[in-house]
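# Descriptive structure summary
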Amino acid sequence: MATPPSRKAILSLYASTLRTAKSFSSYNFRNYFVSRTQDTFRGMQAEQDSTTLSRAYDKAVKELAVLRRSAVLNQLYGGSRLAVEEQSDVRTRGDT
């Protein structure tokens, strides 16, 4: 029987995965991976079986490695910002 990961380990993995998901430069990828991360860890939070929890944790660790590589590639080849994203303040004539 596998020992379940500690609460601290799960929260640390959640924070790392969420931070990596938010590092995508592409709006659609970023929102998708943030949502997917939240759904994955909500499922882990509701899990009672220690074996299933251990498997889910191991799978999330592997997915974090893939997500990190994907985020780096997305940052290298990311496009321009979309209209739905927060835009930086653009100064126009007459602004002080």
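I will try to describe carefully the structure that is included in this document. None of the values given here were measured: they were computed from a predicted structure. (Residues numbered from 1 in each chain as written. Predicted model: local features only at pLDDT ≥ 70, side-chain atom pairs only at ≥ 80, totals over all residues. Heavy atoms only, no water.)

## Examining the overall build of the protein
Our working rule: To qualify as a helix, a DSSP run of H or I must reach at least 4 residues; to qualify as a strand, a run of E must reach at least 2; elements of each kind are numbered from the N terminus. Three labels apply to residues, based on accessible area from a 1.4 Å probe with only protein chains included: buried if under 20% of the type maximum, exposed if over 50%, partly exposed otherwise in between. Residues are treated as being in contact if the distance between any of their heavy atoms lies within 4.5 Å. In this description, accessible areas are obtained by the Shrake-Rupley approach with a 1.4 Å probe, and a residue is regarded as covered only by the protein chains that are shown.
Counting its secondary structure elements, the protein contains three helices and zero strands. Here the protein holds 96 residues, and the buried ones make up 26% of them. Relative to all contacts within the protein whose residues are 6 or more apart in sequence, the contacts with residues 24 or more apart total 74%. Accessible surface for the protein amounts to roughly 7400 Å². Of this, 53% is attributable to carbon and sulfur atoms.

## With respect to the packing of aromatic side chains
What counts here: Geometry of aromatic contacts follows a simple scheme: Phe, Tyr and Trp rings, the Trp one being its six-membered ring, pair when their centres are within 6.5 Å, and the pair is stacked under 30 degrees between planes, edge-to-face over 60, tilted otherwise.
Under the defined criterion, the tally for this structure stands at five aromatic pairs. Both rings, one in Tyr-32 and one in Phe-33, keep their centres 5.0 Å apart while their planes meet at 70°; by these two values the pair is edge-to-face. Among the aromatic residues, those joined into a cluster by ring pairs are Phe-24, Phe-29, Tyr-32 and Phe-33.

## A closer look at the nonpolar core
A general tendency of soluble globular proteins is for nonpolar side chains to be buried together. To keep it simple, the criterion reads: We define the nonpolar core as a collection of buried residues of types Ala, Val, Leu, Ile, Met, Phe, Trp, Tyr and Cys that are connected through side-chain atoms lying within 4.5 Å of one another.
In terms of nonpolar packing, the biggest core is built from eight residues, these being Ile-10, Leu-13, Phe-41, Met-44, Leu-53, Tyr-57, Ala-60 and Leu-64. Going through the elements one at a time, helix 1 (7-21), helix 2 (27-46) and helix 3 (50-76) are the ones with two or more residues in this core. Among the elements that line this core, the one with the most residues is helix 3, at four residues. When residues no more than four places from it in sequence are discounted, the contact partners of Phe-41 are Ile-10, Leu-13, Tyr-14, Thr-17 and Ala-60.

## Notes on the pattern of salt bridges
The following threshold applies: What counts as a salt bridge is simple: a side-chain nitrogen of Lys or Arg found within 4 Å of a carboxyl oxygen of Asp or Glu.
Enumeration over the complete set of coordinates arrives at two salt bridges. With a shortest N-O distance of 3.5 Å, Glu-63 and Arg-36 are connected by a salt bridge. Pair noted here: Glu-63 is in helix 3 and Arg-36 is in helix 2, with a separation of 27 residues, a long-range link. Under the relative-accessibility criterion, Arg-36 is labelled partly exposed at 32%. Here Arg-42 and Asp-39 are joined by a salt bridge, their closest N and O atoms 3.3 Å apart. On the criterion of helical spacing, the pair formed by Arg-42 and Asp-39 is a turn pair, its members being three residues apart in helix 2.

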